[in-house]
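As a plain string of letters, each chain reads:
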Amino acid sequence: MFFGADGKPDDDANGIRPVSLLDLARLNRGEYGAVVTSPYLLPCVRLIQPRIVIAIAERRDEADSSETLRKFHGLMAAQADLIATSSEKIYLEMCFRYDHVLYMPNDIEESGTVWTEAISAKLRGESTDVWMHRQWEAQAAFYRNWHERIGDHETICYLLASYQYLLGRSSAKSYLSLSFEQMMIKEFTDCLRTHYRFFSAMDAKEGDLEAAVRVYAITALTDEERSRVRVLQAYLDQGRTDLAKAELFRLNDDYRNAIGTLLRSDDPEAGSHLLRCYLPVYRYQEALQLLERIRKQTPERYLADLLRGTLDMLSGKRHEAIHAFLRAAAKDWLLLGHMAELERWELETEFALGRHRHA
Amino acid sequence: MRNETVRKARGNRLTAMLQVRNEADKHLEAVLQDLTDFVDEIVIVDDASTDGTVKLCRSFAKVSKLIELKQSSFHREWELRLLLWNAACETKPGWLLSVDADEFYEDKAKAWMRTLIDQDEYDWVGFRFFDFWGGTTHYREDRLWQIHRRHTRSLVRYIPGYYYFFPRMDHHVPRLPLTYAALPGFLSELRVKHYGWAVSQEELYRKYLRYMERDPNGEWGSLEQYRSILDENPNLVPWKEEA
């Protein structure tokens, strides 16, 4: 069954039937899984308290990609038990952020199996790591095949390097080198941060932190980047390798490995670093739990209120959200901007529900 | 190794690097004399010279490393470039200046050299090279001869551990690793005098024949430009020294 306006003529034949918002509210709690395509439908998802929430992340128009909208979609992905997308660009970005991402290209038969198996694993409370690995293997094989057929190509080698990196293989460096060389030959020279810096994440993954910091330092051109190098070097000097490693991952937008490193770390500052990793990828639930745990270390209580308000907003708890935002604004009135975000959220939600009601 | 050493803003050593072959009777002596005045060290690869080039190189105290090839690698330019590059990097330079045996930096460029290298903002410098023609008073400027209209990267910071890459080509290999292009650079208006074409009509004709013999189908360069070497009245512009 589906709630929405995007039904297809053969839905009946496939046993798919539309349901109204009222029907949705009557469904037995905890019996269903929810596949959600819009963040504005998250409050509806809460109605049925699904056993599993699967977010479908799709490419959006440039014109439709404001910071607020990106945030709402990011929050949807972070709230889901599984994230699926047919866009490889989004898929790779998500793989560097979350532990439960599936690629669902329309033209690959195997994806159907992976889809079913991954959902079953998730329902059994198991990790989806094995399925993610299988898909990375498949993608790496796909691009290796392309590489063998057409030779060195900057994009193919870069994608191949990315999948080998995700798989934790040292060959990632060789493919990144080939990609970097091709970028130079074709005079796509603006790639110090996009391509060369990636070597620092690879060195960090291999545990060669001295080399990783050095590579990052070569790419550090702004004052801010150079101050990060000094911080990284200080961590190394103090033997705080977890912090250095996590920071190098974070600076390469590899939040997933940064978070994993910090979660395993016993460094007293790991918590505050974790917070810095959770926030940009909208993992607010985990950030809030962390804030509760490290309350003494973080005087910024307003941050907890902001996160709580946003999570309440997603659950359709309007009043709770307003209260939380107002509490946060008592610390800094500029934070009242979140009320405007709430307003936007409500408008969009109303629009989404209205559209579906009239479908 | 610390970041401060990635880009040192002072106290940088400058090493000049040259690849030479049978240059004893041309501009090499003047070039080495000129370099002696403003670089700290000179590294040379001699590509199997049969004249007095090696002896001449050895007579300059700042030539700290001289590699003599017994067999010419001229037709494997990629290997030559790499050999020179590796030899120069072994001197642990702060910066490297890639010089041909017929190139002279104008006085103003030499005066600015330390300022150019003792900073931590950019990693290479581009200069304007001028092709002098038939002598040392005029340079050539027309549709096919306008290298001075763009910048040529010849001065680079040596960053240990960076990814250095030369395309594996037999001819027209860039003088410095291509991957410098990804690093921040500075395009200066300082000039370099290239005397490679500042020769007699007879020598110009011999050079034309050599180019045509080496690349008869214009695979590595432009046949039209090769032919223009024989132009009877090329457009020549007088060179003006700047203070």
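Residues numbered from 1 in each chain as written. Chains lettered and ligands numbered in written order. Predicted model: local features only at pLDDT ≥ 70, side-chain atom pairs only at ≥ 80, totals over all residues. Heavy atoms only, no water.

Next up on the list: the packing of aromatic side chains. Counted according to the given criterion, the structure contains 42 aromatic pairs over all chains. Between A:F96 and A:Y165, the aromatic rings sit 5.8 Å apart at their centres with planes inclined by 5°, giving stacked as the arrangement. Residue A:F96 is located in the loop between α4 (88–95) and β4 (101–103), and its partner A:Y165 is located in helix α7 (residues 154–166); the two are separated by 69 residues in the primary sequence. The same class applies to A:F96 as to A:Y165, namely buried. Taking 6.0 Å as the distance between ring centres and 20° as the angle between the ring planes, the aromatic pair formed by B:Y158 and B:Y164 counts as stacked. B:R191 extends its terminal NZ or CZ atom over the ring of B:F130, reaching a point 5.9 Å from the ring centre. Just above the ring of B:W197 sits the side chain of B:K207; from NZ or CZ to the centre is 4.6 Å. (Phe/Tyr/Trp six-rings, centres within 6.5 Å; stacked < 30°, edge-to-face > 60°. Helix = DSSP H or I, 4+ residues; strand = E, 2+ residues; numbered from the N terminus. Buried < 20%, exposed > 50% of the residue type's maximum accessible area, 1.4 Å probe, protein only. Lys NZ or Arg CZ within 6 Å of the ring centre and 35° of its normal.)

Here we take up the interface of chain B and chain A. Counting from both sides, the interface comprises 20 residues of chain B and, opposite them, 18 residues of chain A. With both chains or domains summed, chain B and chain A bury close to 1,800 Å², and 58% of this area falls on carbon and sulfur atoms. In this assembly, chain B and chain A are joined by one salt bridge. Residues B:D120 and A:R226 are paired through a salt bridge, measuring 3.4 Å at the closest nitrogen-oxygen approach. (Contact = heavy atoms within 4.5 Å. Buried area = accessible area lost by both parts, 1.4 Å probe. Salt bridge = Lys/Arg side-chain N within 4 Å of Asp/Glu carboxyl O.)

Here the UniProt feature "domain: Glycosyltransferase 2-like" (unreviewed entry) sits at residues 26–156 of chain B. For residues 26–156 of chain B, the end-to-end C-alpha separation is 26 Å, with 30% helix and 29% strand making up the annotated structure. (UniProt positions renumbered as here; feature names shortened; annotations may be inferred.)

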